[in-house]
Amino acid sequence: MIDPLVINRQPAAGRLAFVIDHVARSEPSRPAVVGSAGSPSRTVVSYASLADLVARCAAALAEAKPPGVVVRATTPEAIIAAAAASGREGVSVALLSEDALDLVGELRDWAVVNDSLDVLTPTRQRAVGGHDEPPHVVVATSGTAGPPKLVYRTWDAVLAAARLSEQWFGLRWLLAYDATRWAGIQVWSQSLLTAGCLVAPASRDPDTVARALGEEHVSILPSTPTLLRRLVSFADHGLLKAAAVERITLGGEVADGPLLRQAKAAFPNARLSHVYATTELGEVFRVSDGEPGFPAAWMNRELPGGVRLSTRRDGELIVQLSRDSADVPTGDIVEQRGERYEFTGRRSDVIVVGGAKVFPRRVEETMRGVMGVAEARVFGYPSAITGELVAAEIVLTDPLPEGATPESVRAAAFGACRDALEPHSVPRILDIVRQIAVTTAGKTPRRKAPV
Amino acid sequence: MSDAFVEAVLAAIATVLRDTGRSGTHAVPTSLLADDLALDSLDLAQTIVLLERSLGVDPFRSAGPVTKPIRTVADLAAVYAEAVRGFRE
């Protein structure tokens, strides 16, 4: 292992390339990235190969000297090599997923790097000034809190949450996220800074992910609640049993009690924690007791690290990262239930039916409690009469409970909602689908009507 | 007016009544939406979404303002017949 002090002594921008080189010298054949895991076309990239990719891209960047570089690569190793090389060369790098490419106009003077790590410079290149400011990492927000926009972060901020103590070295991480998303960048940078192995499954298909977990001996599973719920509900149980996951880190969405219990049952030996982070704020806090929400005692006082949590009158969670920084409204609504604060939903997720508010998560939880319902998604459907209507999609369990039919489960889901919810919260449109929609960020979409 | 629109409206209302646990109520073309069938604004909003799915139009959103009073099942069907005709012309 490398001394964390030695790593931290490197300028943040060059830290990834430094560690990749270091491991490539001491253990050249050590696997850095397993691609298409869980499928027959599985590939392995060693630290030596990855270091070569970084060196090749860095040389091309040193020659082209672009003001910045937009990564258009699709394989995790090319994305990582391009980012590490840009950091080493002091060039800002933009990591944009497919659905954020229309934001690229803002960066039209920047060069483009593709999967073969060629650096393509734009024809009308701007004169390059000196590197008087540190290079940035540019990512797009997931768009959960409004239209996606570009966010500029320093490498110090990108790597701030990485844990470098001995227990984190040499682990095997699942990359369930898009490698160009904030959450994905956190996973691969953590894995590489600690000489770990990044396992990228061939697809998000539950059986493929479960097979990747077992075959590649993945020990750390970072995921959104939506993706984890899909995995534990639909993956083959034999495949899940073969996995030896030691730690599950949930983030990006609220992890509710039923999901935490379901995950504990599927991975009895795993420690569960959920991270509260946003693209704008980075990681704010982490809860590791396996219970939903966070302790009520954390509200309105300074937490270790300087974070302060408070709420607005409507329950929206406000975060102050340090004493000198501004209050940041998060868009997340919390509610005190006994000794905990629990998340009831996002402000923007609220469906307004004839002036009354509906929190989709509560409706989803009610329907998921019905025998025969494996998964549920609730969203607003535009209506000329009431503004919006509550619409839902459910996925049935396979097999159905004995004696049940799709129609009887549908009727039971309506009945459960009528019993538990106010009349305006009961879904008015309920479709049985084979799979619920998931955004590229691995979250449950709240607005789009089914296509 | 084509019977197909009356049939579509009756089918949509039957779904609304079933989904809301009122399967005992049955609609006919002359049924009064509010008085006979006790359809409230949420029930009507659902009916309109169901009809948008089966007929492909939402006259309350896409076309001009609906001006005729809509009191019965047949009145509602007439609005859709009109909207679909306008759509085709």
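As shown above, the structure is provided for reference.
Everything quoted here is computed from the prediction, not taken from an experiment.

J.: How would you summarise the overall build of chain B if you had to cite specific residues and measurements?
T.: Of regular secondary structure, chain B possesses three helices and zero strands. Each helix and strand of chain B, placed in order from N terminus to C terminus, yields the pattern α-α-α. Buried positions account for 39% of the 89 residues belonging to chain B. A separation of at least 24 residues holds for 57% of the contacts in chain B among residues at least 6 apart in sequence. Of the roughly 4,800 Å² of accessible surface on chain B, a fraction of 55% belongs to carbon and sulfur atoms.

J.: Explain the pairing of strand β22 (residues 373–383) of chain A to me, and be specific about the residues and the numbers.
T.: Residue and element names in this part refer to chain A. Across the 11 residues of β22, 10 count as buried, placing the element largely inside the fold. Note that β22 and strand β23 (residues 387–396) share 10 bridges and pair antiparallel. The partner of V378 across the bridge, within β23, is A392. What sits between the antiparallel neighbours β22 and β23 is a turn of three residues.

J.: Give me the lowdown on the nonpolar core, citing residues and values where you can.
T.: One finds I20, L50, L95, W155, W188 and L192 of chain A to be the most contacted residues of the largest nonpolar core, which totals 63 residues. Counting residues in each nonpolar core, the second largest holds 29 residues, with V34, V209, L240 and A243 of chain A among its members.

J.: Please give an account of the interface of chain B and chain A that cites residues and values.
T.: Listed as interface residues are 17 residues of chain B and, on the opposing side, 18 residues of chain A. Across the interface of chain B and chain A, roughly 1,400 Å² is buried in total on both sides, 58% from carbon and sulfur atoms. If you sort the residues of chain B by the area they bury against chain A, D19, L42 and R53 of chain B come out on top, with a joint share of 39%. Linking R410 of chain A and D19 of chain B is a salt bridge whose minimum nitrogen-to-oxygen distance equals 3.3 Å. Of all elements in the fold, only α1 (3–19) and α2 (41–55) of chain B reach the threshold of two or more residues within the side of chain B that touches chain A. With nine residues, α2 of chain B is the largest single contributor of residues to the side of chain B that touches chain A. Here the residues of the side of chain B that touches chain A sort into six nonpolar, four polar and seven charged.

J.: So what's going on with the sheet that holds strand β4 (residues 92–95) of chain A? Residues and values would help.
T.: All names here are of chain A. Ordered by their spatial adjacency, six strands build an open sheet running β6-β5-β3-β4-β7-β8, and the pairing between neighbours is mixed. Edge strands, defined here as strands with exactly one partner in the open sheet, are β6 (119–120) and β8 (150–154). As judged from the five bridges shared by strand β7 (residues 136–140) and β8, these two strands associate in the antiparallel manner. Directly across from A140, in β8, lies its bridge partner L150.

J.: Tell me about the packing of α1 of chain B against α2 of chain B, and name the residues and values.
T.: Relative orientation and spacing of two packed helices are given, respectively, by the angle between their axes and the distance between those axes. All names here are of chain B. For the pair α1 and α2, the least separation of the axes is 9 Å and the interaxial angle reads 130 degrees. When the axis of α1 is compared with that of α2, the two are oblique. As for the relative orientation of α1 and α2, their crossing is right-handed in sense. Counted together, F5, A8, V9, A12, I13, T15, V16 and D19 of α1 and D43, Q46, T47, L50, L51 and L55 of α2 form the full contact between these two elements. The class makeup of the residues in the contact of α1 with α2 is nine nonpolar, three polar and two charged.

J.: Tell me about α1 of chain B, and name the residues and values.
T.: All names here are of chain B. In this model, α1 (17 residues) spans 24 Å end to end at C-alpha, consistent with the 24 Å of a helix rising 1.5 Å per residue. Residues of α1 that are buried: F5, V6, A8, V9, L10, A12, I13, V16, L17 and D19. G21, located one to two residues past α1, shows a positive phi value of around 75 degrees.

J.: Requested: an account of the sheet that holds strand β15 (residues 294–295) of chain A, with residues and values cited.
T.: All names here are of chain A. If you walk across this open sheet you meet the five strands as β15-β19-β18-β17-β16, and the pairing is antiparallel. A strand with exactly one partner marks an edge of an open sheet, and here the two such strands are β15 and β16 (308–311). In this structure, strand β18 (residues 327–337) lies alongside strand β19 (residues 340–346), joined through six bridges in antiparallel fashion. The residue of β19 that forms the bridge with Q336 is Y341.

J.: So, the side chain of S425 of chain A: which residues are in play, and what are the values?
T.: Tracing the backbone through its elements, the reader meets S425 of chain A in the loop between α12 (406–420) and β24 (429–432). Once residues lying within four places of it in the same chain are set aside, the contact partners of S425 of chain A are V358, V363 and V390 of chain A.

J.: Break down the packing of aromatic side chains for me, with residues and values.
T.: Residue and element names in this part refer to chain A. According to the stated counting rule, one finds nine aromatic pairs over all chains in the structure shown. Measuring from centroid to centroid gives 6.1 Å for W168 and W173, while their planes differ by 25 degrees, and the two rings are stacked. Accessibility assignment for this pair places W168 and W173 in one class, buried. An angle of 85 degrees between the planes, with centres 5.6 Å apart, marks the rings of F285 and W298 as edge-to-face. Of this pair, F285 sits in strand β14 (residues 282–287) while W298 sits in the loop between β15 and β16; the two residues are 13 residues apart in sequence, bridging distant segments of the chain. Taking the relative accessible area as the measure of exposure, F285 reaches 6% and is therefore buried. Site record: aromatic cluster; members linked through ring pairs are Y276, F285, F294, W298, Y341 and F343. Over the face of the ring belonging to W168 we find R163, whose NZ or CZ atom lies 4.2 Å from the ring centre. For the cation-ring pair, R377 lies above F379, with the distance from its terminal atom to the ring centre recorded as 4.0 Å.

J.: Lay out the pattern of salt bridges in plain terms, naming residues and giving numbers.
T.: Residues and elements named next belong to chain A. Per the stated rule, a full pass over the model turns up 26 salt bridges over all chains. R361 is the partner of D256 in a salt bridge, and the nearest nitrogen-oxygen pair spans 3.6 Å. Of the two residues, D256 sits in the loop between β12 (247–250) and α10 (257–266) while R361 sits in helix α11 (residues 360–368), which places them 105 residues apart along the sequence. Residue R361 is classed as buried on the basis of its relative accessible area, which comes to 12%. Ionic pairing is found between R340 and D289, a salt bridge with its closest N-O pair at 2.7 Å. Of this pair, R340 sits in strand β19 while D289 sits in the loop between β14 and β15, and the two are 51 residues apart along the sequence. The class for R340 is buried, based on a relative accessible area of 14%. Among the charged side chains, a network of salt bridges with common partners joins R229, D256, R361, E364, E365, R368 and E375.

J.: An account of unusual backbone geometry is requested, with residue identities and associated values reported.
T.: Residue and element names in this part refer to chain A. Of note, the bond from D398 into P399 is cis; its omega dihedral lies within 30 degrees of zero at 0 degrees. Mapped onto the elements of the fold, P399 is located in the loop between β23 and α12. One non-glycine residue with positive phi stands out, namely N300, at about 60 degrees. Structurally, N300 can be placed in the loop between β15 and β16.

The rules behind these values
- Residues numbered from 1 in each chain as written.
- Chains lettered and ligands numbered in written order.
- Predicted model: local features only at pLDDT ≥ 70, side-chain atom pairs only at ≥ 80, totals over all residues.
- Heavy atoms only, no water.
- Helix = DSSP H or I, 4+ residues; strand = E, 2+ residues; numbered from the N terminus.
- Buried < 20%, exposed > 50% of the residue type's maximum accessible area, 1.4 Å probe, protein only.
- Contact = heavy atoms within 4.5 Å.
- Areas by Shrake-Rupley, 256 points an atom, 1.4 Å probe, with all protein chains shown as cover.
- Pairing = 2+ DSSP bridges.
- Core = buried A, V, L, I, M, F, W, Y, C linked by side-chain atoms within 4.5 Å.
- Buried area = accessible area lost by both parts, 1.4 Å probe.
- Salt bridge = Lys/Arg side-chain N within 4 Å of Asp/Glu carboxyl O.
- Nonpolar A, V, L, I, M, F, W, Y, C, P; charged D, E, K, R; others polar.
- Axes fitted to C-alpha atoms, helices over the stretch in contact; angles between N-to-C directions.
- Parallel < 35°, antiparallel > 145°, perpendicular 65-115°, else oblique.
- Left-handed = near helix turned anticlockwise from the far one by under 90°.
- Expected span 1.5 Å × (residues − 1).
- Phe/Tyr/Trp six-rings, centres within 6.5 Å; stacked < 30°, edge-to-face > 60°.
- Lys NZ or Arg CZ within 6 Å of the ring centre and 35° of its normal.

Don't take any of this as a statement about function, it's just geometry.
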